[in-house]
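Single-letter residue listing:
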Amino acid sequence: MVKTIVVLGGGAAGVKVIRGLVAKLDPTIHRLILITSRPEYVNLIGAIRLLVDPTTPHSNVFFPYTRLFGDFPGHIVQGTATSIEETKSEVGKIASRGWSDSFEALRELGEEERPMAGCGGIIALSTGAKVEYDVIILVTGSAWEGMIAFPNDPQGYIKHVDTWRKRIRDAQDILIVGGGPVGIETAGEIKDVYPSKGVTILQGDRLLLNDVYPDKFRRDIQRRLERRGVEIILNDAVSGNPSTEKPIKTREGKELTCDLLITARGSGANTQYLKFLKPNVLTDRGYIKIMSTLEILYHPGMFALGDIVDWPEVKQLAKISMGHADVVVNNVVQYLNGEKMTHSYQGSRDFMAISNGRNGGSSFVGLWWGFVFGNRFTRWIKSRTLLVEQVRETLGLPE
């Protein structure tokens, strides 16, 4: 019998998993499907530069999926998941064994103690279509807001790019709400193209980024931005997306004037399609409860990785290639073969490179006591091209 494996999400994690699976699956007994909201891959790492710089080609951000499966006869279905319904009957057995509130303990159980393998399910899409699966891998990523929240259709995201380019070009004083990686890189890209524009970052924490990172890294980024004329306001915030027609009042009572406000607050998990799945797998913040095999708690045959999983580590793109993807690919193959899943995710070292325009930035490598690198390293590893060559290689596209 042919078994259907569905990868839900066509971003960086989904592409990495697909490329791993096509090297291990047998097309005579395995059917591989990618469900993606957009017809093209979006290189979010390069998106901010595209939205700011009118000379950046769209081809640096939007890539075809035409060679993603290589020679494997895979299928692409365009649509957004609205719900997932399991067709297996083992769900009730889990609750009866008293595991409903103890997922930390379940993460440590051996294969012989875990629920029996399920019988798959059905994914309902926004298009009205339904896709059946035997194994599903959830890689739907973050739910973004503001300028990097691209529409799903090509005409829509081309218009989105044009709209933001005009807004930034026409503004003189720009307020960026949020001092995480998106806000920081937005400021750097604007200063590259429009060095005379006023740019302010409003950050609700005591430093840029968050307390996961060492202060020396956070302060290094702030110094580099301030050298370019970016104003940094710390320990303050604004709610929502207020109008710029009058001064914006902050949480601490400051009044800030600007003619363009860009929201760059932290993103949440894009997992709303799981809210009806029982037993519940979502935390209060919408992240998916998983075991160390990256199989979803209570739901055999369902796996998750990337930004959507509830795991005690900072959300970073590097985590996918440095651990998540290999664990899922190998465990899915073992699951399909009826074997014990032997691959366990134990976390990986932190790595973060933050661009400050094309020619600089700051990077943190979490080895030993932690290393901070400046412009030369960050330009080499990220800022210069924003990983366009690596994206093309991952997608199987020619150089």
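Residues numbered from 1 in each chain as written. Predicted model: local features only at pLDDT ≥ 70, side-chain atom pairs only at ≥ 80, totals over all residues. Heavy atoms only, no water.

Colleague: Describe the domain arrangement of the chain, naming the residues involved and giving the relevant values.
Modeller: What the domain assignment reports for the chain is domain 1 (3-37 + 79-144 + 268-337) and domain 2 (154-266 + 349-395). One C-alpha centre belongs to domain 1, the other to domain 2; they are set 32 Å apart. In total, about 810 Å² of surface goes out of reach between domain 1 and domain 2, with carbon and sulfur atoms giving 58% of it. On the surface where domain 1 and domain 2 come into contact, there are zero salt bridges. (Domains from an automatic or database assignment. Buried area = accessible area lost by both parts, 1.4 Å probe. Salt bridge = Lys/Arg side-chain N within 4 Å of Asp/Glu carboxyl O.)

Colleague: Tell me about the pairing of strand β22 (residues 361-365), residues and numbers included.
Modeller: Burial of β22 is extensive: five of the five residues sit out of reach of the surface. Alternating positions in β22 separate into two faces, Gly361, Ser363 and Val365 on one and Ser362 and Phe364 on the other, with burial throughout. Note that strand β21 (residues 351-355) and β22 share five bridges and pair antiparallel. Bridge pairing in β22 places Ala353 opposite Ser363. In textbook terms, the turn of a hairpin is the stretch between consecutive antiparallel strands, and for β21 and β22 this stretch comprises five residues, one of which, Gly357, has a positive phi near 85°. (Buried < 20%, exposed > 50% of the residue type's maximum accessible area, 1.4 Å probe, protein only. Helix = DSSP H or I, 4+ residues; strand = E, 2+ residues; numbered from the N terminus. Pairing = 2+ DSSP bridges.)

Colleague: I'd love a proper account of the nonpolar core, names of residues and values included.
Modeller: Judged by nonpolar contacts, the single largest core of 65 residues is most densely connected at Ile137 and Leu138. A total of nine residues in this core trace back to one element, the largest contributor, which is helix α8 (residues 318-336). Looking at which domains feed residues into this core, each of domain 1 (3-37 + 79-144 + 268-337) and domain 2 (154-266 + 349-395) gives three or more. Discounting chain neighbours no more than four positions away, the residues touching Ile137 are Ile5, Val6, Val7, Leu8, Val17, Leu21, Phe303, Leu305, Val328 and Val332. One finds Leu51, Ala187, Leu209 and Leu225 within the second-largest nonpolar core, a separate group that totals 40 residues. (Core = buried A, V, L, I, M, F, W, Y, C linked by side-chain atoms within 4.5 Å. Contact = heavy atoms within 4.5 Å.)

Colleague: Talk me through the environment of Thr257; I want residue IDs and the actual numbers.
Modeller: Along the chain, the position of Thr257 falls in the loop between β15 (255-256) and β16 (260-263). On the accessibility criterion, Thr257 (63% relative accessible area) is exposed. As for Thr257 and Asp173, which are separated by 84 residues in sequence, their C-alpha atoms are 7.7 Å apart. The residues touching Thr257, leaving out its near neighbours within four places in the chain, are Asp173 and Pro247.

Colleague: I'd like a description of the sheet that holds strand β1 (residues 3-8), backed by residues and values.
Modeller: Pairing is parallel across the open sheet formed by five strands, whose spatial order is β5-β2-β1-β9-β19. The strands lining the two open edges of the sheet, one partner per strand, are β5 (75-78) and β19 (302-304). Taking the axes of each pair of neighbouring strands and ignoring which way they run, one obtains an average angle of 20° across the sheet. Alignment of β1 against strand β9 (residues 135-138), held across four bridges, turns out to be parallel. Residue pairing across strands places Val7 opposite Ile137, the latter belonging to β9. Contacts from helix α1 (residues 12-22) reach β1, β2 (30-36) and β9, with the element oriented near 155° to β1. (Axes fitted to C-alpha atoms, helices over the stretch in contact; angles between N-to-C directions.)

Colleague: So what's going on with the environment of Val139? Which residues, and what values?
Modeller: Here Val139 shows up in the loop between β9 and β10 (142-143). For Val139, a relative accessible area of 5% translates into the label buried. A C-alpha to C-alpha distance of 15 Å links Val139 and Asn331, two positions 192 residues apart in sequence.

Colleague: Provide a residue-level description of the side chain of Thr36, including the pertinent values.
Modeller: As for its placement among the helices and strands, Thr36 is situated in strand β2. What makes Thr36 buried here is its relative accessible area of 3%. When neighbours within four sequence positions are excluded, Thr36 is seen to be in contact with Gly10, Tyr65, Ile76, Val77, Gln78 and Gly79.

Colleague: Hey, could you go over the sheet that holds β21 for me, with residue numbers and the actual values?
Modeller: Spatial strand order, β21-β22-β23: three strands in an open sheet with antiparallel pairing. Every other strand in the sheet has two partners, leaving β21 and β23 (371-373) as the edge strands with one partner each. With strand direction ignored, the average angle separating the axes of adjacent strands in the sheet is 10°. Two strands pair when backbone bridges link them, and β22 and β23 are joined in this way by three bridges, in the antiparallel orientation. Residue pairing in the sheet places Val365 in a bridge with Phe371 of β23. Across the sheet, helix α7 (residues 215-227) lies against β21, β22 and β23, angled at about 170° from β22, the strand it touches most. Along the sheet, helix α9 (residues 375-383) makes contact with β21, β22 and β23, crossing β21 at roughly 95°.

Colleague: Which residues make up α9, and what values do they have?
Modeller: Within the span of α9, buried status applies to Thr378, Lys382 and Ser383. Down the axis of α9, the sector holding all buried residues measures 60°, keeping them to one side. Turned more than 90 degrees from where α9 packs its buried face, Arg376 and Trp380 sit exposed. Buried residues along α9 sit against α2 (47-52), α6 (181-193), β21, β22 and β23. (Arc of directions from axis to C-beta.)

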